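Below, each chain spelled out in residue letters.
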Amino acid sequence: MMFIEWLLAFVQALLYVALAPLLVGWIRTLKARLQNRRGPSVLQSYRDLYKLFAKEARMAHSASLLFRAAPYIVFVATWLAAAAVPFVTTSLPTAAMADVIVIAGLLALARFFLALAAMDVGTAFGGMGASREMFVSALAEPAMLMAVFTLAMTTHSTNLASMMDYQLFNDPVLRPSYMFALAGLVLVAVAETGRIPIDNPATHLELTMIHEAMILEYSGRHLALMEWAAQLKLLLYGVLLANVFSPTGIATTTDPGALGLALVVVMFKLALLGVALAISETVLAKMRLFRAPAFLNLALLLTLLGLLSHVILEVGV
Amino acid sequence: MVISPLLLAGVAVALALLSALVSLFSARLPWLLRRVVTPLFTLAGLAALAAGLGTLIQGGVAVTQLPLGLPWLPWGVRLDALSGFFLCLIGVVSFAVGLYSPGYVRSFEKECGSLPALGGFSGLFLTGMLLVVLADDAFLFMVAWELMSLSSYFLVAFHHNQAANRRAAFLYLLMAHIGGLAILLGYGVLASFGDGFAFDAMRQADLSFGWASVAFVLAFVGFGMKAGLVPLHAWLPEAHPAAPSHISALMSGVMLKVAVYGFIRVVFDLIGQFHWQWSVAVLAIGSVSALMGILYALMQNDLKRLLAYSSVENIGIIFIALGLAMLFLSTGHPVVGSVAFVAALYHSINHAVFKSLLFMGAGAVLHTTHERDLEQMGGLLRRMPWTGLFFLVGCISIAALPPFNGFVSEWLTFQAALQAWQLDSGVLRSMVPIVAAVLAITGALAAACFVKVYGVAFLGQARSRHVRRARKVPFSMRLGQGVLALMCLLLGLLPTAFIDLLNAVPQQVLGHGLAQASAHGWLWLTPISAETASYGAPLVAIILVIALMLGLWLLGRGIRRVRRCDAWDCGFAPPTPAMQYTASAFAQPIRRVFGMLFHIDEGSEPQPDGRWRYYLNVRDRAWGLFYLPVAALVERASRQVVRLQSGNIRTYLGWTLATLLVLLWLTA
Amino acid sequence: MSLGELPFLQQLTLVLAAVVLFTSFALLEQARLVAAIHAFAWQGLLVAMVTAIVAASGGYPHLFFSAALTLGLKVLLIPWMLHRLVHRLQLDRHREPLRRPALITMAALALVIFSYWLVLPLVQQELLFTRNIVAVSLAVVLIGLLMMVIRAQAVVQVLGFMSIENGLFLAAVSATGGMPLVVELGVAFDVLVAMVLFGVFFFQISESIDSLDVDRLNSLTERAEEES
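Residues numbered from 1 in each chain as written. Chains lettered and ligands numbered in written order. Predicted model: local features only at pLDDT ≥ 70, side-chain atom pairs only at ≥ 80, totals over all residues. Heavy atoms only, no water.

Colleague: How should I be thinking about the overall build of chain B in this particular structure?
Modeller: Across its full length, chain B holds 26 helices and five strands. On C-alpha atoms alone, chain B measures out to a radius of gyration of 26 Å, which is about the 26 Å that the 2.2 N^0.38 rule sets for 668 residues. Along the first, second and third principal axes, the C-alpha set of chain B runs to 95 × 70 × 60 Å. Residues classed as buried in chain B amount to 60% of the 668 residues present. Counting every atom, chain B has about 25700 Å² of accessible surface; 67% of that belongs to carbon and sulfur. Computed over 42 positive and 28 negative side-chain charges, the separation of the two mean positions in chain B equals 12 Å. (Helix = DSSP H or I, 4+ residues; strand = E, 2+ residues; numbered from the N terminus. Rg over C-alpha atoms; globule rule 2.2 N^0.38 Å. Buried < 20%, exposed > 50% of the residue type's maximum accessible area, 1.4 Å probe, protein only. Areas by Shrake-Rupley, 256 points an atom, 1.4 Å probe, with all protein chains shown as cover. Lys, Arg positive; Asp, Glu negative; His and termini not counted. Charge placed at Lys NZ, Arg CZ, Asp CG, Glu CD.)

Colleague: How do you make sense of the interface of chain B and chain A when you look at a structure like this?
Modeller: It is common to report an interface's size as the accessible area lost on association of the parts. Every contact between the two is made by 77 residues of chain B and, on the other side, 74 residues of chain A. Between chain B and chain A, the buried area comes to about 6700 Å², and carbon and sulfur atoms account for 73% of it. Among the residues of chain B in contact with chain A, B:L418, B:R564 and B:Y581 are the three that bury the most area, contributing 10% of the side total. Here chain B is connected to chain A by one salt bridge. Taking the shortest distance from any N to any O, the salt bridge between B:R563 and A:E56 comes out at 2.9 Å. Broken down by secondary-structure element, the contributors of at least two residues to the side of chain B that touches chain A are α14 (380-383), α15 (385-398), α16 (405-417), α17 (426-457), α22 (537-554), β3 (562-565), α23 (583-586) and α24 (588-593) of chain B. The dominant element in the side of chain B that touches chain A, judged by the number of residues it contributes, is α17(B), at 18 residues. Tallied by class, residues from the side of chain B that touches chain A come to 56 nonpolar, 13 polar and eight charged. Sheet analysis places strand β1 (residues 57-60) of chain A next to β3(B), joined by four bridges and oriented parallel. Bridging from a neighbouring strand, A:R58 pairs with B:R563 of β3(B). (Contact = heavy atoms within 4.5 Å. Buried area = accessible area lost by both parts, 1.4 Å probe. Salt bridge = Lys/Arg side-chain N within 4 Å of Asp/Glu carboxyl O. Nonpolar A, V, L, I, M, F, W, Y, C, P; charged D, E, K, R; others polar. Pairing = 2+ DSSP bridges.)

Colleague: Which parts of the structure should I look at to understand the side chain of A:T90?
Modeller: Inspection of the secondary structure puts A:T90 in the loop between α3 (65-83) and α4 (94-97). For A:T90, the contacting residues outside a window of four places in its chain are A:A161, A:M164, A:D165, A:I250, A:A251 and A:T252.

Colleague: Please clarify how the packing of aromatic side chains should be interpreted in this entry.
Modeller: For any pair of aromatic rings, the description rests on two quantities: the centre-to-centre distance and the angle between the ring planes. Here the structure, examined in full by the defined rule, presents 43 aromatic pairs over all chains. Of the aromatic side chains, those joined through ring pairs into one cluster are B:F141, B:W145, B:Y187, B:F199 and B:F223. Positioned above the aromatic ring of A:Y178, the side-chain terminus of A:R175 is 5.7 Å from the ring centre. Between the NZ or CZ atom of B:R592 and the centre of the ring of A:F290, over which it lies, the distance is 3.9 Å. (Phe/Tyr/Trp six-rings, centres within 6.5 Å; stacked < 30°, edge-to-face > 60°. Lys NZ or Arg CZ within 6 Å of the ring centre and 35° of its normal.)

Colleague: What should I look at first to understand the side chain of B:H367 in this one?
Modeller: Here B:H367 lies in helix α13 (residues 334-369). Judged by its relative accessible area of 10%, B:H367 is buried.

Colleague: Could you clarify how one ought to interpret helix α4 (residues 115-134) of chain B in this entry?
Modeller: Side chains three or four residues apart in an α-helix point the same way, a direct result of the helix having 3.6 residues per turn. Here α4(B) contains 20 residues, and its C-alpha end-to-end distance of 29 Å stays within 8% of the 28 Å for a straight helix at 1.5 Å per residue. Most of α4(B) sits inside the fold, with 17 of its 20 residues counted as buried. (Expected span 1.5 Å × (residues − 1).)

Colleague: In this structure, what is going on with the packing of α13(B) against α15(B)? I would like to understand it.
Modeller: To describe two helices that pack against each other, one gives the angle between their axes and the distance between the axes. Residues and elements named next belong to chain B. In the contact formed by α13 and α15, the axes pass within 9 Å of each other and the chain directions differ by 145 degrees. As α13 packs across α15, the resulting crossing turns out to be left-handed. Mapping the contact onto sequence places F354, K355, L357, L358, G361, A362 and A364 in α13 and T387, F390, F391, V393, G394, C395, S397 and I398 in α15. (Axes fitted to C-alpha atoms, helices over the stretch in contact; angles between N-to-C directions. Left-handed = near helix turned anticlockwise from the far one by under 90°.)

What follows is the structure, given as structure tokens:
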């Protein structure tokens, strides 16, 4: 029984890796359509990764062993964090191994090595990307934690599976704290995954880059791993938002029928989130770096209001 | 024959004293320092570690009295679980520092005159710390505390030919004595209610809320000053960089924790009561220390000063955990209080291990490049790969990232804070999450800070010639760092085992252990319950390693096919080391956003030769807001007192007569 | 009883009250004048919705009328008047960024926690299901006052004053099921008259000191006159 659960967990992790490029491709196609272009096919990201893996990897003269090792560490840490988020079922042991705080910690580990790799080559762009990335993440951390806190105050647990089960097995309730936490977490997700308005993933101007500047020197399979890790991170946040705040449809057992239904439902939810992201990226413009604190302070304010509305409005009704 | 832990502790103290004695002869025979004194020091550390482990495993309490001290107040020695835990802490770090010193002190052997001072005071320093932890009455405690402060003063003033070091040492001595005075007064309050200076007598004291608060405030100020809480932290960033690096490691890693031990002993054990008002004060000061500490650390370019400010941050985190423990214990939630208490203890030993590791790394860099300024370093990973690796482990640990140890204590603190829903008071229920948010931002800022440190110092290209030609690091220095890096890894991988090991401490101090933490086996850490939260540290690490191996194997076919090329330079001239991001540039966004908290003096001015000079001075606001006004007040008060000094003998006799009359009247 | 046992409409009022609190933060921090007027309009709309829901589920039919009045005045008429005023004073693109936004946000949050603490003894009693909203409305009042203290632009001060009135209205609705209708009508028309007077006043101020920064009114003090 335990073996089956771990096997399923492994399959779920593979599913994450397999579907991450699809989400990014979907968003890119939608953005193209919104901008009145035909755009690449939804499967283009897979082709890009395949091309990169086949290409030769090259390193600058001044790069060290850390530069070579970092893509692997970044990819594996992000993958492990993603694997701990329940995708199709809540009865897997991965959620017990790593709760929300551990997931945030693993993502922080990936970001740490990404920033170090950026500084390794000794160019100005790497330092700039690393400095900006750590700055944005420092401001986004408290908002993320407050959102987690707000959820944990209601569900009395930081285990993601427990949080989802709590919502599934209790009557549906309209909670202001959840709504605020969702709004704040959406803003944090946009900041952490480097989407407009914090960072433009499609920019070619080095001075406007945050994430791209950190992976500027990478090529070949190293670049493929870094890109894939970024796509995994986006999928992770998407699944987190979709499943934690509206877990209807997710399986609570390992029954194959329930799993299949859950997969369809979660992909539908992700598609909707993709539409929302594409629309917001088309409508908004990238902010300059020192307007990002205002954005993230708004996220922090929303999550704090969520916490306060829990304490004031929801307890002792 | 079973060797009791108390005997081992005695052996440790004796060895430390012996190392101090032997080093007196090292002026004549310089090789003594490396060959005899440091091995004795290392053995003392090992003995302390063994004594501590023995006590924790056995879980008992050993009390004895030494035939020293005053006739009616002999020195009492007590080795219980709390002392045992801190003995382990002192022992581990002293052991590693002892391994590290031979390589480091070799550079001091040229100036033979100062070697006795170095070895002697190091030994006395260790003796002082061991005795503080073992003391069972206020007298021995204060004597050992004084010994610890004085010997570290001489060590801070070791390079006394530079005026800055002399000033730093004076400030350190001054603040250590003010703190010591506060502690003594606190003991005075406890002793007067408890009829005696022995700790047992103080435990029986029945204090009202008012007097207990007075004792608490005195202990908090005294121990907080020694531990480095804001705003009493100003001596830390001056004193720790001035001392030799292995002493900085001892001071930052161990001495600050001895102050934490003192606080726990007095507040949790001797006073014994908990009130939520105290916990709010501790939480507030802890949060402010944590946030200000890391923000100031980010602004520093001097490596050792940065590490010192980072110690202020970590002490703030320890006090946040202690504050949470006090809060939950005072509102009747012993389980969560134990979790927070264990989190504080775990973070103490984590910080001891990784801060000492980082200071040793800074010492290695200083030893080989004679450079402390981050802006001159770069590319050191290539010159010192092992030191670079161990320093990286230290950086990852202090940034609280899995799977190393810093993450475990942060996770435990968050888990304790997340139980805030159990509190009755709604106001407290909203304050605790805000403290947790401050903890989150300090964690993220710490990661940024240590990306800056490692990225600027070890990665990239060397920014100056002497750094480009750094010498090799001696073997003993690498060994000392390696031991601590291994400890970081073990503390991170096996949290359940270590929490089981120190389970005796909350059991004895709070009366409530943390049995449920390992209730699901050694793999899962479940501090509250399995449904609330669990962390499978070994699993996370194993999966990380397996996945890494898998990735390397799958892509390994091309593992040798990585050609070197030029870095991207936008098509202009090739990048020079001066084009890299500097340390102050890295911290600039954060400096700009949090600017109001610092005193920033930034600008550019033209030089006579036509070039422009950019200057940036970031100063601690605490000086202007707290220290200078206090100093001005003291000066004004003393000027008033100076008026007593009229020079006239009859006036003096008049004062004497007046005092005598008042005393007679009072005692009548 | 727990949150899950409340009927849906009553859960909705809690959500709307929380969003009212958010709009008062938005009013406090918004730099652009026109956006602040919109935030005020949204606040009025939410308060009207809460009133309507309390009327429906609590059985107070006269509150429907209050809700309609609020809708007409606070959501439509007064914002329209303010828009016209702003347009005539040519302040359409006026921005007044806060100097220390972090500090002000922290102060506002502290006010929210403080109002929660104040209202606690009141909440213990068995009032309507919406008694928790009293804390939110007190917070809205206090944040409105804070807004009047911090902002220097006259139109924004008027918005602060109006949001105080919103908060008081919300408190009345949630604590006691609304005020007597006569009182409500009186208050509503008072507000309307105040708006008209503000409009006239602003023109006078603008023409005499050529700006609407209330800090400049300091020039009317005696000391300033002696100095000039």
